[in-house]
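Here's the letter readout for the chains.
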Amino acid sequence: MQIPAVILGAAVLQGGRPSPTLRRRTLTAVLLAKEGLTNKLILSGGIGRFEPAEAEVMLDIANREGIANADLILDTYSSSTIETARNCALIIHELGFNEAWIVTDSYHMCRSLLAFRAFGIIGKAVPASNALCPSTTVNMIKARTREMLACIWGAAPLLLLLLRHEALIHIIRHLNRRRITKQ
């Protein structure tokens, strides 16, 4: 069964060019589509330091790789991992799913999967392939350092979201069991 794939955004460079990270993530998701594992790519990312929005740059890459606009959904409002999870969870649920491929770099995967889980989405990890668009060692060190700081800074709110979601699921299941036993 095909499930949607979410591509998490990354920087757009001056002149609207995709960063290697953005290109790598997008090309990895395009491969998922070409292999028949998904028929909907959710392109996520708003405007960062430079225009246009990350999702719009992904759209251009996907189109050049032969992916039709009908198979692409844009989220141009997200500016963080938690916003992406929230916004894309709504889209995924509207499509009738509770799971999705999550396409991002390996160093970003753990926090991304937790964020999606907090909004009711079971994420299936698809680390972006560095072979598709390699980054320099310096850029990878910067990205990993940034991610470590983001994990430290964002861990508490993310865990609270996740715990709240899990608690709601537990309450709903309990109420459903009580309703069934009363009948």
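Description of the structure in this document. Computed from a predicted structure; not experimentally measured.

1. A closer look at the overall build of the chain
So, step 1. Regarding its fold elements, the chain presents 5 helices and 7 strands.
So, step 2. Along the chain, from the amino end to the carboxyl end, the secondary structure elements read β-β-β-α-β-α-β-α-β-α-β-α.
So, step 3. Looking at the chain residue by residue over its 183 residues, the buried ones come to 43%.
So, step 4. Summarising the internal contacts of the chain: among those between residues at least 6 apart in sequence, 71% fall at separations of at least 24.

2. Thoughts on the environment of Asp75
So, step 1. Its place among the elements puts Asp75 in strand E5 (residues 72–75).
So, step 2. Each C-alpha atom of the pair Asp75 and Gly46 lies 7.3 Å from the other, and the pair is 29 residues apart in sequence.
So, step 3. Polar side-chain contacts of Asp75 include one of 2.7 Å to the side chain of Ser44.

3. Overview of the packing of aromatic side chains
So, step 1. What the rule picks out here adds up to 0 aromatic pairs.
So, step 2. If you follow Lys124 out to its NZ or CZ, it ends over the ring of Trp101, 5.9 Å from the centre.

4. Considering the packing of helix H1 (residues 20–34) against helix H2 (residues 54–64)
So, step 1. Interaxial distance between H1 and H2 falls to 10 Å at its minimum, and their mutual angle equals 50°. By the angle between their axes, H1 is oblique relative to H2. Handedness of the H1/H2 crossing: right-handed. Judged by residue contacts, Leu22, Arg23, Thr26, Leu27 and Val30 of H1 engage Glu54, Val57, Met58, Ile61 and Ala62 from H2.
So, step 2. In terms of residue class, the contact of H1 with H2 is made up of 7 nonpolar, 1 polar and 2 charged.

5. Side note on the nonpolar core
So, step 1. Judged by nonpolar contacts, the single largest core of 22 residues is most densely connected at Leu22, Leu32, Leu41, Leu43, Ile67, Leu72 and Trp101.
So, step 2. Listed by contribution, the elements that provide at least two residues to this core are strand E1 (5–7), H1, strand E4 (41–44), H2 and strand E6 (99–104).
So, step 3. When near neighbours in sequence (up to four residues on either side) are disregarded, Trp101 contacts Ile3, Pro4, Ala5, Val6, Leu32, Leu37, Thr38, Lys124 and Val126.
So, step 4. Grouped together as the second largest cluster of nonpolar side chains are 16 residues, Ile92, Ile102, Ala118 and Ile121 included.

6. With respect to the packing of helix H3 (residues 81–94) against helix H4 (residues 106–118)
So, step 1. Between H3 and H4, whose axes approach to 9 Å, the crossing angle comes to 50°. Here H3 is positioned oblique relative to H4, judged by the angle of their axes. The handedness of the crossing between H3 and H4 comes out as right-handed. Of the residues in H4, those in contact with Thr81, Thr84, Ala85, Cys88 and Ile92 of H3 are His108, Arg111, Ser112, Ala115 and Phe116.
So, step 2. Taken together, the residues of the contact of H3 with H4 sort by class into 5 nonpolar, 4 polar and 1 charged.

7. Some details on the sheet that holds E4
So, step 1. Strand order in the open sheet made by the 5 strands is E5-E4-E1-E6-E7, with parallel pairing throughout. The open sheet has two edge strands with one neighbour each: E5 and strand E7 (122–127). Averaged over all neighbouring strand pairs, the angle between strand axes comes to 25°, with direction disregarded.
So, step 2. Where H2 meets the sheet, its contacts fall on E1, E4 and E5, and the angle it forms with E5 comes to roughly 160°.

How each quantity is defined
Residues numbered from 1 in each chain as written. Predicted model: local features only at pLDDT ≥ 70, side-chain atom pairs only at ≥ 80, totals over all residues. Heavy atoms only, no water. Helix = DSSP H or I, 4+ residues; strand = E, 2+ residues; numbered from the N terminus. Buried < 20%, exposed > 50% of the residue type's maximum accessible area, 1.4 Å probe, protein only. Contact = heavy atoms within 4.5 Å. Polar contact = N/O pair within 3.5 Å; in protein donor to acceptor, adjacent residues only side chain to side chain. Phe/Tyr/Trp six-rings, centres within 6.5 Å; stacked < 30°, edge-to-face > 60°. Lys NZ or Arg CZ within 6 Å of the ring centre and 35° of its normal. Axes fitted to C-alpha atoms, helices over the stretch in contact; angles between N-to-C directions. Parallel < 35°, antiparallel > 145°, perpendicular 65-115°, else oblique. Left-handed = near helix turned anticlockwise from the far one by under 90°. Nonpolar A, V, L, I, M, F, W, Y, C, P; charged D, E, K, R; others polar. Core = buried A, V, L, I, M, F, W, Y, C linked by side-chain atoms within 4.5 Å. Pairing = 2+ DSSP bridges.

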